[in-house]
Amino acid sequence: MKIKIVKCLTDNYSYIIFNKENLLCAVVDPSEAEPIIEKIEKNNLKLKYIFNTHHHYDHVGGNKKLKEKYNCKVVGFEKDKDRIPEIDIVLKDNQKWKNELFECSILHIPGHTSGHICIYIKELKALFTGDTLFSLGCGRIFEGTYEEMYKSLSKLKKFPLNTRIYCGHEYTKKNSDFCLSIDSKNSKLINKINEINKNIQNEKPTIPSILEDELECNIFLRSDNMEIQKRLGINKDDPIKTFAKLRDLKDNF
Ligand code: ZN
Ligand code: FE
């Protein structure tokens, strides 16, 4: 099993998960159909499933066309079944689901949208985080509260350290500027930014990121750090308030 990164729209990533032997594949968050069709045809793949992390157009835009062309099934969160176009298979929070390609589990992580999920494939150490966790950032809060988003990110922090984070957008460079503005002396962050810059110069994706790096460098995962709280003028240990302050600062960055 392998994962192919497919660039879509201006800065979206979709992901094709495929089996090299039988050429079956699944796609996560097809923003649009064409780039996915191109990769499928070029590699003679057979599309079986579309997974959607949430209902935004830049994550479901390819559902209809792909389903028409390949007769595949659309998989998503049960509570978002009225907003995910063409949905066929509904999964519940914490549910494990096995198909002919892999076993995966989903987790409800609301905040960006109320029905946002992540998809975890243990055998690939892969976590598809949509617009909730980005490399060095997190999604905007559109349908939830700061506390919900904080809790969702806290759930993601508990995955194994070597988990690969496959997120919905290439926002890493901008996110790194924000992290640096608050955490300029973090040597791990500085090293990570050097790697990121190399990838960008070579026109390579900065994704996947490794959870361990995110825990050390992503400021949104570090709002329980007392030193960072102090820097933001939060006097008593209040990670949710710190997270809210970071999110507001980033919205105006
Ligand atoms: Zn979104
Ligand atoms: Fe998005």
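Conventions we followed
- Residues numbered from 1 in each chain as written.
- Chains lettered and ligands numbered in written order.
- Predicted model: local features only at pLDDT ≥ 70, side-chain atom pairs only at ≥ 80, totals over all residues.
- Heavy atoms only, no water.
- Helix = DSSP H or I, 4+ residues; strand = E, 2+ residues; numbered from the N terminus.
- Rg over C-alpha atoms; globule rule 2.2 N^0.38 Å.
- Buried < 20%, exposed > 50% of the residue type's maximum accessible area, 1.4 Å probe, protein only.
- Lys, Arg positive; Asp, Glu negative; His and termini not counted.
- Charge placed at Lys NZ, Arg CZ, Asp CG, Glu CD.
- Donors = N, O, S within 2.8 Å, 3.2 Å for Na, K, Ca; no water.
- Tetrahedral: all angles 85-135°; square planar, octahedral: opposite > 155°, others 65-115°.
- Pairing = 2+ DSSP bridges.
- Axes fitted to C-alpha atoms, helices over the stretch in contact; angles between N-to-C directions.
- Contact = heavy atoms within 4.5 Å.
- Salt bridge = Lys/Arg side-chain N within 4 Å of Asp/Glu carboxyl O.
- Parallel < 35°, antiparallel > 145°, perpendicular 65-115°, else oblique.
- Expected span 1.5 Å × (residues − 1).

Student: Whenever I open this one, the overall build of the protein confuses me. Can you help?
Tutor: For the protein, the count of helices and strands is nine helices and 14 strands. The C-alpha radius of gyration computed for the protein amounts to 18 Å, which stays within 12% of the reference 18 Å derived for 253 residues, consistent with globular compactness. Based on the C-alpha atoms only, the size of the protein along its principal axes is roughly 55 × 40 × 30 Å. Out of the 253 residues belonging to the protein, those deemed buried represent 53%. Of the charged side chains in the protein, 42 are positive and 37 negative; the average position of the first set lies 3 Å away from that of the second.

Student: Got a minute to help me understand the coordination of the zinc ion (ligand 1) in this structure?
Tutor: Around a metal, the perfect tetrahedron of four donors has angles of 109.5 degrees, and the perfect octahedron of six donors has angles of 90 or 180 degrees. At the metal site, the zinc ion (ligand 1) is ligated by His-54 (NE2), His-56 (ND1), His-112 (NE2) and Asp-131 (OD), and these contacts range over 2.2 to 2.3 Å. Taken together, the four donor atoms coordinating the zinc ion (ligand 1) and their angles of 87 to 171° define a geometry best described as irregular. For the zinc ion (ligand 1), the single-chain donor residues occur in sequence as H-x1-H-x55-H-x18-D.

Student: Looking at this model, I keep getting lost on the sheet that holds strand 13 (residues 164-167). Mind explaining?
Tutor: Taken together, the six strands give an open sheet; going across it, the order is 7-8-9-10-13-14, and neighbouring strands pair in mixed fashion. Each of the sheet's edge strands pairs with one partner strand only, and the pair in question is strand 7 (96-98) and strand 14 (209-210). Both strand 13 and strand 14 contribute to a ladder of two bridges, which runs antiparallel. Note on strand 14: the bridge partner recorded for Arg-164 is Ile-210.

Student: Explain the sheet that holds strand 5 (residues 73-77) to me, please; I cannot follow it from the model alone.
Tutor: Where strands meet in a sheet, backbone hydrogen bonds hold them as pairs that are either parallel or antiparallel. A sheet is described by the order of its strands in space; here six strands give the open sequence 1-2-3-4-5-6, paired in mixed fashion. Across the chains shown, the open sheet's two edge strands, defined by having one partner strand only, are strand 1 (2-8) and strand 6 (87-91). Pairs of neighbouring strands in the sheet enclose a mean axial angle of 25°, with direction left out of account. Bridge analysis of strand 5 against strand 6 gives four bridges, and the strand direction is parallel. Bridge pairing in strand 6 links Gly-76 to Val-90. Across the sheet, helix 1 (residues 34-42) is in contact with strand 1, strand 2 (12-18), strand 3 (24-28) and strand 4 (46-51); its angle to strand 1 comes to roughly 140°. Set on the sheet, helix 3 (residues 63-70) makes contact with strand 3, strand 4, strand 5 and strand 6; between it and strand 4 the angle comes to about 150°.

Student: Please clarify how the pattern of salt bridges should be interpreted in this entry.
Tutor: Opposite charge on two side chains permits them to pair, given that their charged atoms come into close proximity. One pass over the full model with this rule turns up 19 salt bridges. The partner of Arg-231 in a salt bridge is Asp-183, with the nearest N and O atoms 3.1 Å apart. With Arg-231 in helix 8 (residues 226-231) and Asp-183 in the loop between helix 5 (172-182) and helix 6 (187-201), this pair connects stretches of sequence that are 48 residues apart. Since its relative accessible area comes to 44%, Arg-231 is described here as partly exposed. Looking at Asp-183, the relative accessible area reads 5%, which means it is buried. With a shortest N-O distance of 3.9 Å, Asp-213 and Lys-192 are connected by a salt bridge.

Student: How should the packing of helix 4 (residues 146-156) against helix 9 (residues 239-251) be read in this particular structure?
Tutor: When two helices pack together, their arrangement is given by the angle between the helix axes and by the axis-to-axis distance. Their axes nearest at 9 Å, the elements helix 4 and helix 9 cross at an angle of 105°. Overall, the two elements helix 4 and helix 9 adopt an arrangement that is roughly perpendicular. Residues Tyr-146, Glu-147, Met-149, Tyr-150 and Leu-153 of helix 4 touch helix 9, and the partners they reach there are Pro-239, Ile-240, Phe-243, Ala-244, Arg-247 and Asp-248.

Student: I keep staring at the side chain of Ser-176 and nothing clicks. Help me out?
Tutor: Its location among the elements puts Ser-176 in helix 5. For Ser-176, the contacting residues outside a window of four places in its chain are Leu-136 and Ile-193.

Student: Please clarify how the coordination of the iron ion (ligand 2) should be interpreted in this entry.
Tutor: Note on the iron ion (ligand 2): its protein donors are Asp-58 (OD), His-59 (NE2), Asp-131 (OD) and His-169 (NE2). The metal-donor distances range over 2.1 to 2.3 Å. Of note is the iron ion (ligand 2), whose four donor atoms meet at the metal with angles of 84 to 168° in an arrangement that counts as irregular. In primary-sequence terms, the residues that donate to the iron ion (ligand 2) follow D-H-x71-D-x37-H. Between the iron ion (ligand 2) and the zinc ion (ligand 1), a spacing of 3.2 Å is present, and a bridge between the two is formed by Asp-131.

Student: What is the right way to read helix 9 from this model?
Tutor: Because an α-helix completes one turn every 3.6 residues, residues spaced three or four positions apart along the sequence face the same direction. In this model helix 9 runs 18 Å from its N-terminal to its C-terminal C-alpha over 13 residues, within 8% of the 18 Å that 1.5 Å per residue would give. Regarding helix 9, the residues found buried are Pro-239, Thr-242, Phe-243, Ala-244, Leu-246, Arg-247 and Lys-250. Check the buried side of helix 9 and you find it contacts strand 12 (137-138), helix 4, helix 5 and helix 8.

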